[in-house]
There are 2 protein chains.
Amino acid sequence: MKKSATIYDISEKLNISAATVSRALNDHPKISQKTKELVMKAAKELNYKQNTLAQALKSGKTNNIGIIVPYINTNFFSSLIRGIEEELSPHGYHVIICQSHEDVDLERKQLNTLLNAQVDGIFMSVSKTTEDISHIEAAKESNTPIIFFDRKKDIAGISTVTIDDYKGGYLATEHLIKQGCRRICHLSGDLRLEIYQNRYNGYIDALKDNKLTFKEEYVFPIKSSIEDGVEAIKTLWNLSSPPDGIFSASDYAALGACQQLKKKNISIPEDVAIIGFSNEPFTQYMELPISSVDQTPDIMGKISAQVFLEYMNENFSGISIEKKVVLNPQIHIRKSSKRK
Amino acid sequence: MKKSATIYDISEKLNISAATVSRALNDHPKISQKTKELVMKAAKELNYKQNTLAQALKSGKTNNIGIIVPYINTNFFSSLIRGIEEELSPHGYHVIICQSHEDVDLERKQLNTLLNAQVDGIFMSVSKTTEDISHIEAAKESNTPIIFFDRKKDIAGISTVTIDDYKGGYLATEHLIKQGCRRICHLSGDLRLEIYQNRYNGYIDALKDNKLTFKEEYVFPIKSSIEDGVEAIKTLWNLSSPPDGIFSASDYAALGACQQLKKKNISIPEDVAIIGFSNEPFTQYMELPISSVDQTPDIMGKISAQVFLEYMNENFSGISIEKKVVLNPQIHIRKSSKRK
DNA sequence: TTGTAAGCGTTATCAC
DNA sequence: GTGATAACGCTTACAA
């Protein structure tokens, strides 16, 4: 293992002190131009690479940030991570990714190893099983800034970047009503998570505001899979008066619903109008494109990163403001719900 | 900024040396059980967290690995990264992700910052514009293990994990021939990349082995977009004898082709059979599901990680073997190419 | 403008 | 079993 050159190797070669080398490398104003040039040249020759580790130990700043998500390979989270990376990379940060697998124990472990690794900040979207939040509160004590995106918990002092899921649910439902739907059902996600609860609340209020009665039997719990959408149709079409509109909290369940309805020869959107949530890429590729509510994960990622950068600046000057950014959901109307 | 406890805080509290504390924490065999217990208890009380940074500086091992991909938010790369993370996380590694945006200059920069950050290993898939590979060869000199996955370059001493793209192209083409296709065209990817060149070669050889003549005009270059697939059909259907089979190096172009053919009222698979590449999730969701060649990115990620772990062990004992793992592509036959 | 020396938090090598 | 000390590579008062 050939070890790489250090500032001492440069200092020896040039017969100057390591401190001077360090300063020259950092473009310190009080170092003569000539010395700087000499140092730069020697650095090139020796193939010197800054050891950011030593620098980090000294300064207490690693220039690493950590992200914890349930799974990285979904369109939503990977787009979000891309947004964060692209915003932070130009500022010299490296992005460490961790998966919680929707498991609070793993989430806790990941959070702690990130803290041990001295990351400068942590971005996270909590798992479905995160009810006890003591690990996050403990992490807050370490003074490492934490930022929640999408799936948040209410903890004083922690900034959040989310979309207005309530509004998303409201707009989607209202859209179906405007298309003439009167018996609208909701395929609801895991209500332990705020985001799904909010979409549900938006659905309920849109019904209410339009004088439509809410029916318990029109709410079908799903797990964001195609199969669940299929099941939903099977169950709902056993009712005395089946729905004429479907607002699904998941695009996958919406897809399953479409498939099953087609099997039953029920036409979309004439007999049943459908709208999903997340604007998964596939929704627009279908022969029958599916309407959906876009969460703009790329923007959410970029904004989260900006909130972090602002925090780093504020904190530098001693101030620190908790931010709660709420983005507007973008509704995409496609064939599955457009009756004209 | 409340700074966290160090081994010195523990050593003061217990009136023992920091060295002893360190040894107790690391379960050194020569430390008495009583001391260990005392130290553990004090560590808990002081909320001591191991500073992995200091440890890394001392040991030269950061337990971080870096991944460089063109973009993280594609199904292929995000699944691959997931595979690497899940294999390496249990071994205590953190995964840093970087994007090259298909730009060799950015790739070089990312590679160098990863090296500066002293990562223990680098996984990369080269960008489309990577022709000069001097930055990778220079990185090799640092003795940081590098592993190519999917998009590789031939560099002595660097292990690679890829799928057999040649075989993928061959099997896909052969499948079309078995379905009765005689005029098979190929929507080819960027031939600067080995993977696309190999798929192309597989196509050519399958034609040859089945006594079908290769026609230059049946090869249409694409950029993995839906629009390119649409364009391909427009152009190819101007030929005196248009194709009756399409092997696309990209699922997106295959989708575009399907859309355009439908517009022209040409039936799939009866008039034209189509098969794509990558097995993007959407291919199976379509009303007309599209056949495709699966690159099994999850497996590719896990194997890449294993190659890295093996290297770390071998290197420990002074040996080091260059590995070239080639995975078998999995062909998924769906409606778009199944004539029965 | 440059040099000296201390320190960031660990761990490894000697001692005892 | 445990303690003292040096070292990992860098930055930064304080001196000169």
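Residues numbered from 1 in each chain as written. Chains lettered and ligands numbered in written order. Predicted model: local features only at pLDDT ≥ 70, side-chain atom pairs only at ≥ 80, totals over all residues. Heavy atoms only, no water.

1. Here we look at the overall build of chain A
In terms of helices and strands, chain A carries 13 helices and 12 strands. Dimensions along the principal axes, computed over C-alpha positions, put chain A at roughly 90 × 40 × 35 Å. The buried share of chain A, reckoned over its 340 residues, is 54%. Sequence separation of 24 or more characterises 72% of the internal contacts of chain A that already satisfy a separation of 6 or more. Here chain A displays about 15200 Å² of accessible surface, and carbon together with sulfur accounts for 50% of that area. Seen as two clouds, the 42 positive and the 42 negative side-chain charges of chain A have centres 5 Å apart. (Helix = DSSP H or I, 4+ residues; strand = E, 2+ residues; numbered from the N terminus. Buried < 20%, exposed > 50% of the residue type's maximum accessible area, 1.4 Å probe, protein only. Contact = heavy atoms within 4.5 Å. Areas by Shrake-Rupley, 256 points an atom, 1.4 Å probe, with all protein chains shown as cover. Lys, Arg positive; Asp, Glu negative; His and termini not counted. Charge placed at Lys NZ, Arg CZ, Asp CG, Glu CD.)

2. Notes on the UniProt feature "domain: HTH lacI-type" (unreviewed entry) in chain A
Per the UniProt record, "domain: HTH lacI-type" (unreviewed entry) is annotated on residues 5–59 of chain A. Spanning residues 5–59 of chain A, this segment combines 69% helix with 0% strand, and its end C-alpha atoms are found 21 Å apart. (UniProt positions renumbered as here; feature names shortened; annotations may be inferred.)

3. Let's talk about the environment of cysteine 181 of chain A
Residues and elements named next belong to chain A. Mapped onto the elements of the fold, cysteine 181 is located in the loop between helix H8 (165–178) and strand E6 (184–188). A C-alpha to C-alpha distance of 7.9 Å links cysteine 181 and valine 272, two positions 91 residues apart in sequence. Those residues in contact with cysteine 181 that lie beyond four places of it in its chain are Leu176, Leu212, Asp244, Gly245, Ala273 and Arg339.

4. Some words on the packing of aromatic side chains
One pass over the structure, following the stated rule, counts 22 aromatic pairs over all chains. Plain terms: the ring middles of phenylalanine 282 of chain A and tyrosine 285 of chain B are 5.1 Å apart, the flat faces sit at 65 degrees to each other, and that makes the pair edge-to-face. A residue pair is termed interchain when its members come from two chains, as with phenylalanine 282 of chain A in helix H12 (residues 282–285) and tyrosine 285 of chain B in helix H12 (residues 281–285). In this structure phenylalanine 282 of chain A comes out as buried when scored by relative accessible area, which is 3%. The side chain of arginine 199 of chain A reaches across the aromatic face of phenylalanine 277 of chain A, ending 3.7 Å from its centre. (Phe/Tyr/Trp six-rings, centres within 6.5 Å; stacked < 30°, edge-to-face > 60°. Lys NZ or Arg CZ within 6 Å of the ring centre and 35° of its normal.)

5. Let's talk about the protein's contact with DNA strand C
Around DNA strand C, the structure places 25 residues, and the nearest of them are Thr20, Thr35 and Lys58 of chain A together with Ser22 and Tyr48 of chain B. At the protein interface, 58% of the atoms of DNA strand C within 4 Å belong to sugar or phosphate. Here serine 32 of chain A contributes a backbone N or O atom positioned 3.0 Å from a phosphate oxygen of DNA strand C. Side-chain polar atom of serine 22 of chain B to a phosphate oxygen of DNA strand C: 2.6 Å apart, as the coordinates give it. Put simply, the parts of the chain that give the surface near DNA strand C at least two residues each are helix H2 (18–25) and helix H4 (52–59) of chain A together with helix H1 (7–14), helix H2 (18–25) and helix H4 (52–59) of chain B. (Near = heavy atom within 4 Å. Polar contact = N/O pair within 3.5 Å; in protein donor to acceptor, adjacent residues only side chain to side chain.)

6. Some points on the packing of H1 of chain B against H2 of chain B
All names here are of chain B. One can describe the packing of H1 onto H2 by two numbers: an axis separation of 8 Å at closest approach and a directional angle of 110 degrees. Taken as axis vectors, H1 and H2 run roughly perpendicular relative to one another. The way H1 lies across H2 gives a crossing that is right-handed. Residues Ile7, Tyr8, Ile10 and Ser11 of H1 touch H2, and the partners they reach there are Ala18, Val21, Ser22 and Leu25. (Axes fitted to C-alpha atoms, helices over the stretch in contact; angles between N-to-C directions. Parallel < 35°, antiparallel > 145°, perpendicular 65-115°, else oblique. Left-handed = near helix turned anticlockwise from the far one by under 90°.)

7. Brief notes about the pairing of strand E8 (residues 245–248) of chain A
Residue and element names in this part refer to chain A. Residues of E8 alternate between two faces, with Gly245 and Phe247 on one and Ile246 and Ser248 on the opposite face, all of them buried. Where E8 lies against strand E9 (residues 273–277), three bridges are found, and the strand directions are parallel. Bridging across to E9, phenylalanine 247 finds its partner in isoleucine 275. For the handedness criterion, the β-α-β arrangement of E8, helix H11 (residues 251–263) and E9 is classed as right-handed. (Pairing = 2+ DSSP bridges. Right-handed = clockwise from strand over helix to strand, strands pointing away.)

8. Looking at the protein's contact with DNA strand D
In the neighbourhood of DNA strand D, 25 residues make up the surrounding shell, with Ile7, Ser22 and Tyr48 of chain A together with Thr20 and Arg23 of chain B lying closest. Near the protein, within 4 Å, the atoms of DNA strand D are sugar or phosphate in 61% of cases. One of the backbone nitrogen or oxygen atoms of alanine 54 of chain A is found 3.3 Å away from a base nitrogen of DNA strand D. Take serine 17 of chain B: an N or O atom from its main chain is 2.9 Å from a phosphate oxygen of DNA strand D.

9. Brief notes about the pattern of salt bridges
Residue and element names in this part refer to chain B. Under the counting rule described, the total for this entry stands at 38 salt bridges over all chains. When the shortest N-O distance is used, the salt bridge between glutamate 102 and arginine 151 registers 3.0 Å. With a gap of 49 residues between them, glutamate 102 in the loop between strand E2 (94–99) and helix H6 (104–116) and arginine 151 in the loop between strand E4 (146–149) and strand E5 (159–163) connect regions that are remote in the sequence. By the burial criterion, glutamate 102 is buried, and arginine 151 matches it. (Salt bridge = Lys/Arg side-chain N within 4 Å of Asp/Glu carboxyl O.)

10. Focus: the interface of chain B and chain A
Contact residues are listed per partner, giving 49 residues for chain B and 49 residues for chain A. In total, chain B and chain A occlude about 4500 Å² of area from one another, counting both sides; carbon and sulfur atoms represent 56% of this. Put simply, chain B and chain A have two salt bridges between them. Ionic pairing is found between glutamate 287 of chain A and lysine 262 of chain B, a salt bridge with its closest N-O pair at 2.8 Å. If you look at where chain B meets chain A, you find 16 residue pairs in polar contact (both at pLDDT 80 or more). (Buried area = accessible area lost by both parts, 1.4 Å probe.)

11. Some points on the relation of the copies chain B and chain A
The operation relating chain B to chain A is a screw motion whose rotation component is 180 degrees, with 0.1 Å of axial translation and a residual RMSD of 0.2 Å. The operation mapping one copy onto its partner corresponds to a two-fold rotation axis. The rotation axis passes nearest to the C-alpha of isoleucine 96 of chain B in chain B, at a distance of 2.1 Å. A shared binding surface is used by both copies, with 100% of the interface residues of chain B retained as interface residues in chain A. (Least-squares fit on C-alpha atoms with pLDDT ≥ 70 in both.)

12. Comments concerning the domain arrangement of chain A
Along its sequence, chain A is carved into domain 1 (7–50), domain 2 (62–163 + 297–327) and domain 3 (165–295). For domain 1 of chain A versus domain 3 of chain A, the distance between C-alpha centres works out to 65 Å. (Domains from an automatic or database assignment.)

13. A look at the sheet that holds strand E12 (residues 330–332) of chain A
Residue and element names in this part refer to chain A. With respect to topology, six strands assemble into an open sheet ordered E7-E6-E8-E9-E10-E12, the strand pairing being mixed. The sheet is open, and its two borders are formed by strand E7 (219–221) and E12, each paired with just one other strand. Geometrically, the sheet is characterised by an average inter-axis angle of 15 degrees between neighbouring strands, direction not taken into account. Examined bridge by bridge, strand E10 (residues 291–294) and E12 share three bridges and lie antiparallel to one another. Looking at the pairing, aspartate 294 lines up with glutamine 330 of E12. This element, helix H9 (residues 194–209), spans E6, E7, E8 and E9 of the sheet and lies at about 170 degrees to E6. Taken strand by strand, helix H10 (residues 226–236) contacts E6, E7 and E8, and its axis lies near 145 degrees from that of E7.

14. Quick look at the packing of H8 of chain A against H9 of chain A
Residue and element names in this part refer to chain A. In the contact formed by H8 and H9, the axes pass within 7 Å of each other and the chain directions differ by 40 degrees. The angle between H8 and H9 places the two elements in the oblique class. Once H8 is placed against H9, the crossing between them reads as right-handed. Here H8 contributes Asp165, Tyr166, Gly169, Tyr170, Thr173, Glu174 and Ile177 to the contact with H9, which in turn contributes Ile195, Asn198, Arg199, Asn201, Gly202, Tyr203, Asp205, Ala206, Leu207 and Asp209. Partitioning the contact of H8 with H9 into residue classes produces seven nonpolar, five polar and five charged. (Nonpolar A, V, L, I, M, F, W, Y, C, P; charged D, E, K, R; others polar.)

15. Notes on the environment of leucine 80 of chain B
Residues and elements named next belong to chain B. Along the chain, leucine 80 turns up in helix H5 (residues 75–88). Overall, leucine 80 belongs to the buried group, its relative accessible area being 0%. Residues leucine 80 and valine 126, spaced 46 residues apart in sequence, show a C-alpha to C-alpha distance of 14 Å. Residues in contact with leucine 80, not counting those within four places in the same chain, are Phe149, Pro297, Met300 and Gly301.

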